Amino acid sequence: TDYLQKPFEAQVLLDMVSRMESRIAKVEDEMIAVDPVSREVLELAHRVALSDATVLISGESGTGKELIARAIHAASDRSERPLVRANCAAIPRELFESEFFGHIKGAFSGAVTDRIGRFELADGGTLFLDEVGEIPLELQGKLLRVLQDNEFERVGESSTRTVDTRIIAATNKNLKALVAKGLFREDLYFRLNVVNLLLPPLRERPNDVEVLADFFMRKFEESYGLKKRPFTPSAFDKLLSHSFPGNVRELENTIHRAVIIAQGDEIDESAIILSGQRIKK
C-alpha cells in the first residue's frame, strides 16, 4: 500500500517485477518442457537466474546441460556480457592453466604473444565449465582460489589480476563419488555446488518427448524448405516406447533422420529409425 502511495517507488517496484518476468520468459524460450519433472528443474532455473550464485548442472550426456546454462546466463544481469564456454574434457592437461588464466609472452616455449584466459574473457559475464569433473587434480586448487577470491595470475606473470566472473559448471559424472576416491577436491565440490540442477534423463519425462519431437520436426523441415508433415500415431508410439539412452540429443538426431527419409505427406513409423536399427532401402 505504501508503494502505491509513492509514484516513484511504485514505478521502481513495477520495473523490478517486469525485469523478473522478462528473465523468466528468456529461460522458458530456451527450454522446452511440459513434463512435471522437467518443469520443476525450470522453476529452480528461474530463481537461480536472478542471483549470482555458482551453479552445478548435473545429468547424463545429451540432457541439455549447456542449453540450460545458456538460459540462466540469458536471464541474468550478466546477459549483456559474454558467456564463455570451456570444455574441460577437450583441453590438454599441460594447457589447462594457460586456457583458464592466460599467459604472457615468453612464459613457455611457443608463447610468442600474451594471451587472455577464459576467466578474463568472461569478466563481467559467465564462464561455463563443461565436464568440470575432468579438471586435473593438481589444477583444482588454482580454480578454487579464483572462485573464493576472484584473483589469479597469468602463466609467467607475478602480478595478480582480479575478475568478476560467474561460474556455471556441468558434469555427467558423480562428483561426490570422485571426492570419495580422492580424484576431486571436496572444498572445490562444495564451492561449485551452491545450487545444484539435476537434469532428468528423457526416459523419466515422457511428456516432453512429443513436444520435443514436434519442435525438432518443424525446425528441420523449415531448414530444408519442406512443408510441415505430421507424425502418424504409430510413429509417436514408437518414439514413446524408446528409452533414448542418448537423451534429447538422440531424439533430435532421430527426428532429423526421419525428416530426411520420410516419404509422403506424413512421417510414419518406418521413418523413425532408433538406435540399433538399420535404415531399410
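Keep in mind that this is a model prediction, so the values were computed, not measured.

Draft legend 1. Quick look at the confidence of the model for the protein. This prediction gives the protein a mean pLDDT of 86; 87% of its residues lie at or above 70. Low pLDDT (under 50) marks residues 1-29, which in the prediction has 22 contacts with non-local residues, meaning those over four places away or in another chain.

Draft legend 2. Structural context of the sheet that holds strand β9 (residues 195-198). Strand order across the open sheet formed by 5 strands is β2-β5-β8-β1-β9, with parallel pairing between neighbours. A strand with exactly one partner marks an edge of an open sheet, and here the two such strands are β2 (83-87) and β9. Shown here is a sheet whose adjacent strand axes are inclined to one another by a mean of 20°, direction ignored. Note that strand β1 (residues 55-58) and β9 share 4 bridges and pair parallel. If you follow S58 over to β9, its bridge partner there is L198.

Draft legend 3. Just the pattern of salt bridges, in detail. Counted according to the given criterion, the structure contains 23 salt bridges. Of the charged contacts, one joins R161 and E120 as a salt bridge, the two residues approaching to 3.5 Å between their closest N and O atoms. Of the two residues, R161 is situated in strand β7 (residues 161-162) and E120 in helix α5 (residues 118-121); the sequence distance between them amounts to 41 residues. Its relative accessible area of 25% is what places R161 among the partly exposed residues. D214 serves as the salt-bridge partner of K228, at 3.9 Å between the closest nitrogen and oxygen. Here K228 is found in the loop between α9 (207-223) and α10 (233-240), whereas its partner D214 is found in helix α9, with 14 residues between them in sequence. Residue classification places D214 among the partly exposed positions, given a relative accessible area of 23%. A single salt-bridge network, built from bridges that share partners, covers E66, R70, R85 and D130.

Draft legend 4. The arrangement of the pairing of β1 in detail. Covered by surrounding structure in β1 are V55 and I57 together with L56 and S58, the residues of both alternating faces. Both β1 and strand β8 (residues 166-171) contribute to a ladder of 4 bridges, which runs parallel. Paired with I57 across the bridge in β8 is A170.

Draft legend 5. Region of interest: helix α11 (residues 247-261). Helix length check: α11, at 15 residues, gives a terminal C-alpha distance of 22 Å against a target of 21 Å (1.5 Å per residue), a fit within 8%. Taken together, the buried residues of α11 touch α9 and α10.

Draft legend 6. Seen up close, a nonpolar patch on the surface. Nonpolar side chains collect at one region of the surface, where Y224, L226, I260 and I261 lie side by side and expose about 360 Å² of accessible area between them. Tracing the backbone through its elements, the reader meets L226 in the loop between α9 and α10.

Draft legend 7. Looking closely at the nonpolar core. Membership of the largest hydrophobic core comes to 30 residues, with the highest contact counts inside it found for F100, F119 and L129. Looking at this core, the elements that each hand over two or more residues are β2, α4 (96-101), β5 (126-130), α6 (137-149), β8, α7 (175-180) and α8 (186-192). The element best represented in this core is α6, accounting for 5 residues. Residues within four places of L129 in sequence aside, it is in contact with A86, C88, F100, L143, I167, I168, A169 and A170. Core analysis: the next-biggest nonpolar cluster, separate from the first, contains 22 residues, M217, V248, L251 and V259 among them.

Reading the values: rules and limits
Residues numbered from 1 in each chain as written. Predicted model: local features only at pLDDT ≥ 70, side-chain atom pairs only at ≥ 80, totals over all residues. Heavy atoms only, no water. pLDDT = per-residue confidence, 0-100. Contact = heavy atoms within 4.5 Å. Pairing = 2+ DSSP bridges. Helix = DSSP H or I, 4+ residues; strand = E, 2+ residues; numbered from the N terminus. Axes fitted to C-alpha atoms, helices over the stretch in contact; angles between N-to-C directions. Salt bridge = Lys/Arg side-chain N within 4 Å of Asp/Glu carboxyl O. Buried < 20%, exposed > 50% of the residue type's maximum accessible area, 1.4 Å probe, protein only. Expected span 1.5 Å × (residues − 1). Patch = residues over 30% accessible without salt bridge, like charges linked within 9 Å, V, L, I, M, F, W, Y side chains within 5 Å. Areas by Shrake-Rupley, 256 points an atom, 1.4 Å probe, with all protein chains shown as cover. Core = buried A, V, L, I, M, F, W, Y, C linked by side-chain atoms within 4.5 Å.

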